[in-house]
Amino acid sequence: MFVSRCKQNYFSYVIWHGVQICGFYLIFTFLLFYGIPTLSGLQITMNRDIIVHFLNLFSFLFTVYLCYLLLLIKTNRQMQSLLEVLGINLFVLMLYHIFGAVDTVLSLVMEDFLIASYPGLAACMLLVIAFTVRRKDWLDDEK
């Protein structure tokens, strides 16, 4: 019912909601790992690498959210979409650890590739989701 009421603004609403979720998680993680130790007196130096790592975390979280959203739009099954995204991430993590057991250089190359590909993958997913949302007939899917 929500989708059929706000079809024109649905895409911007879910994308903004995803940015907010990822942003809140990023702030929570930052406070957990850097805020609490700083408040307890530990000296932490902020540098460019920390900021880059948090931007990488944001791009990973946003890509996972967009993958979930695309699967949800395609299948209309929330739990199935969530479990498929978790399964995909588990598979990638298992591959990473298998490559690490075989050859550490190969796992580092895979890590660098994944970190570099998440922003591009997020941009591609945004385009696919925007195209899918515009073409989808929402009223036929409701049962």
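Please read these numbers as outputs of a predicted model, since none were measured by experiment. (Residues numbered from 1 in each chain as written. Predicted model: local features only at pLDDT ≥ 70, side-chain atom pairs only at ≥ 80, totals over all residues. Heavy atoms only, no water.)

1. Examining the overall build of the protein chain
Here comes step 1: Secondary structure summary: the protein chain contains 6 helices and 0 strands in total.
Here comes step 2: Helices and strands in the protein chain line up, N terminus first, as α-α-α-α-α-α.
Here comes step 3: Going through the 143 residues of the protein chain one by one, you find that 28% of them count as buried.
Here comes step 4: Considering only residue pairs separated by 6 or more positions, the protein chain has 68% of its internal contacts joining residues 24 or more positions apart.
Here comes step 5: With the model as given, the accessible surface of the protein chain reaches about 10,200 Å², and the carbon-plus-sulfur share is 71%. (Helix = DSSP H or I, 4+ residues; strand = E, 2+ residues; numbered from the N terminus. Buried < 20%, exposed > 50% of the residue type's maximum accessible area, 1.4 Å probe, protein only. Contact = heavy atoms within 4.5 Å. Areas by Shrake-Rupley, 256 points an atom, 1.4 Å probe, with all protein chains shown as cover.)

2. Focus: the nonpolar core
Here comes step 1: Within the largest apolar cluster, 19 residues are counted, with the highest numbers of intra-cluster contacts made by F62, L66, L69 and I129.
Here comes step 2: For this core, the elements supplying multiple residues, two or more each, are α2 (10-39), α3 (48-75) and α5 (104-135).
Here comes step 3: It is α3 that provides the largest number of residues to this core, a total of 10 residues.
Here comes step 4: Not counting residues up to four positions away in its chain, the partners in contact with L69 are Y10, V14, I15 and I129. (Core = buried A, V, L, I, M, F, W, Y, C linked by side-chain atoms within 4.5 Å.)

3. Things to note about a nonpolar patch on the surface
Here comes step 1: Side chains of Y25, F28, L32, F33 and I36 sit close together on the surface and give an oily, nonpolar patch of about 550 Å² of accessible area.
Here comes step 2: Relative to the helices and strands, L32 is located in helix α2.
Here comes step 3: Since its relative accessible area comes to 41%, L32 is described here as partly exposed. (Patch = residues over 30% accessible without salt bridge, like charges linked within 9 Å, V, L, I, M, F, W, Y side chains within 5 Å. Salt bridge = Lys/Arg side-chain N within 4 Å of Asp/Glu carboxyl O.)

4. Looking at the layout of surface pockets
Here comes step 1: In this structure, the largest pocket spans a volume of roughly 470 Å³.
Here comes step 2: Of all elements in the fold, only α3, α4 (78-102) and α5 reach the threshold of two or more residues within the lining of the largest pocket.
Here comes step 3: Residue contributions to the lining of the largest pocket peak at 5 residues, all from α3.
Here comes step 4: For the lining of the largest pocket, the class distribution of residues is 8 nonpolar, 4 polar and 1 charged. (1 Å grid on protein atoms, 1.4 Å probe; cavity = no way out; pocket = protein on both sides within 12 Å on 5 of 7 lines; lining within 4 Å. Points joined across faces, edges and corners; volume = space filled by probe spheres on them. Nonpolar A, V, L, I, M, F, W, Y, C, P; charged D, E, K, R; others polar.)

5. A look at the packing of α3 against α4
Here comes step 1: In the contact formed by α3 and α4, the axes pass within 8 Å of each other and the chain directions differ by 140 degrees. Classified by the angle between their axes, α3 and α4 sit oblique to one another. The hand of the α3/α4 crossing is right-handed. Listed contacts from α4 to F60, V64, C67, Y68, L71, L72 and T75 of α3 are Q78, Q80, S81, L82, E84, V85, I88 and N89. (Axes fitted to C-alpha atoms, helices over the stretch in contact; angles between N-to-C directions. Parallel < 35°, antiparallel > 145°, perpendicular 65-115°, else oblique. Left-handed = near helix turned anticlockwise from the far one by under 90°.)

6. Focus: the packing of α2 against α5
Here comes step 1: At their nearest, the axes of α2 and α5 sit 10 Å apart, and the two run at 145 degrees to each other. Crossing hand, α2 versus α5: right-handed. Facing α2, whose interface residues are Y10, F11 and I15, α5 presents L126, I129, A130 and V133.
Here comes step 2: Among the residues making up the contact of α2 with α5, the classes are represented as 7 nonpolar, no polar and no charged.

7. Overview of unusual backbone geometry
Here comes step 1: Its identity as a non-glycine residue notwithstanding, N76 has a phi of 60 degrees, on the positive side.
Here comes step 2: Along the chain, N76 falls in the loop between α3 and α4.

8. As for the confidence of the model for the protein chain
Here comes step 1: Taken residue by residue, the protein chain gives an average pLDDT of 87. The fraction at 70 or more is 89%.
Here comes step 2: Per-element mean pLDDT across the protein chain ranges from 54 in helix α6 (residues 138-141) up to 93 in α3. (pLDDT = per-residue confidence, 0-100.)

9. Thoughts on α5
Here comes step 1: Its 32 residues place the ends of α5 45 Å apart at the C-alpha level, agreeing with the 46 Å of an ideal helix rising 1.5 Å per residue.
Here comes step 2: Where α5 bends most, the angle comes to about 40 degrees, and this point is Y118, followed within four residues by the proline P119.
Here comes step 3: Buried within α5 are the following residues: S107, M110, L114, Y118, A122, M125, I129, A130, T132 and V133. (Expected span 1.5 Å × (residues − 1). Bend = angle between axes of the 7 residues up to and from the residue.)

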